[in-house]
Amino acid sequence: MSFATDTFTLLSTDSGVSAIVGTRISPYVRNTGDDFPAVVFEIPREEIESDAEGRDLMRIATIEITCLARTYLEADSLAEAVVLAIKTATPVARSLTIDRDFGDPYDGSQDLVYRSTVTATLTGWTT
């Protein structure tokens, strides 16, 4: 089980998310040539719970999925599509939050970049 692989698969195969971003989904940083909107995901924390004999039983991960767009509404709509994808996913989401902010343009454009970041805690059993 890999939360990184599962997260990418979840986002890239969800019809609601892919209808908005196509294949513009990447780990940690937006690909240089990608247009907006786009999704960037990371998994800053993963816990592995073990039994007394040291066997892995369950994994718990925090995932952060940042929805990047040129308009606030587009970033927010994409975040809502991500939330719907996560709500139907396996592993199961234990909590979800959305943080919203914006940043200066960094790709030669004069347009701001709006960010809606979905943070989820996922749990999954090891195989």
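Refer to the structure above for everything that follows.
Residues numbered from 1 in each chain as written. Predicted model: local features only at pLDDT ≥ 70, side-chain atom pairs only at ≥ 80, totals over all residues. Heavy atoms only, no water.

## Quick notes on the overall build of the protein
Of regular secondary structure, the protein possesses 3 helices and 5 strands. Moving toward the C terminus, one meets the helices and strands of the protein in the order α-α-β-β-β-α-β-β. Principal axes of the C-alpha set define a box for the protein whose edges measure 55 × 25 × 25 Å. Counting the 127 residues in the protein, one finds 42% classified as buried. Summarising the internal contacts of the protein: among those between residues at least 6 apart in sequence, 57% fall at separations of at least 24. Split by element, the accessible area of the protein, about 7,100 Å² in all, is 50% carbon and sulfur. (Helix = DSSP H or I, 4+ residues; strand = E, 2+ residues; numbered from the N terminus. Buried < 20%, exposed > 50% of the residue type's maximum accessible area, 1.4 Å probe, protein only. Contact = heavy atoms within 4.5 Å. Areas by Shrake-Rupley, 256 points an atom, 1.4 Å probe, with all protein chains shown as cover.)

## Details of the nonpolar core
Counting 24 residues, the largest nonpolar core has L11, V17, V39, I63, I65, V82 and I86 as its most contacted members. Looking at this core, the elements with two or more residues in it are α1 (3-13), α2 (15-21), β2 (38-50), β3 (56-69), α3 (72-87) and β5 (113-125). In terms of residue count, the dominant contributor to this core is α3 (7 residues). Residues within four places of L11 in sequence aside, it is in contact with V17, S18, I25, V39, F41, I65 and V82. (Core = buried A, V, L, I, M, F, W, Y, C linked by side-chain atoms within 4.5 Å.)

## Examining the environment of R70
By the element assignment, R70 lies in the loop between β3 and α3. Sequence separation between R70 and P105 is 35 residues; the distance between their C-alpha atoms is 9.3 Å. Excluding residues within four positions of it along the chain, R70 makes contact with F36, P105, D107, S109, D111, L112, V113 and Y114. From its side chain, R70 meets the backbone oxygen of D111 in a polar contact 2.7 Å long. (Polar contact = N/O pair within 3.5 Å; in protein donor to acceptor, adjacent residues only side chain to side chain.)

## Side note on the pattern of salt bridges
Counted by the stated rule, this structure contains 4 salt bridges. E47 is the salt-bridge partner of R45, the closest N and O atoms lying 3.5 Å from each other. Residue class for R45 comes out partly exposed when judged on its relative accessible area of 49%. Judged by relative accessible area, which is 33%, E47 ranks as partly exposed. The shortest N-O distance in the salt bridge between R59 and E46 comes to 2.8 Å. Remark: E46 occurs in strand β2 and R59 occurs in strand β3; sequence separation between them is 13 residues. (Salt bridge = Lys/Arg side-chain N within 4 Å of Asp/Glu carboxyl O.)

## As for α1
Along α1, the positions that sit buried rather than exposed are F3, T7, L10 and L11. On an axial view of α1, the arc spanned by its buried residues comes to 90 degrees, and they lie on one face. (Arc of directions from axis to C-beta.)

## Section: unusual backbone geometry
Omega for the peptide link from F36 to P37 comes to 0 degrees, which places this bond in the cis form. Along the chain, P37 falls in the loop between β1 (25-27) and β2. Of note in this structure, Y28 is not a glycine but carries a positive phi near 70 degrees. Note that Y28 resides in the loop between β1 and β2.

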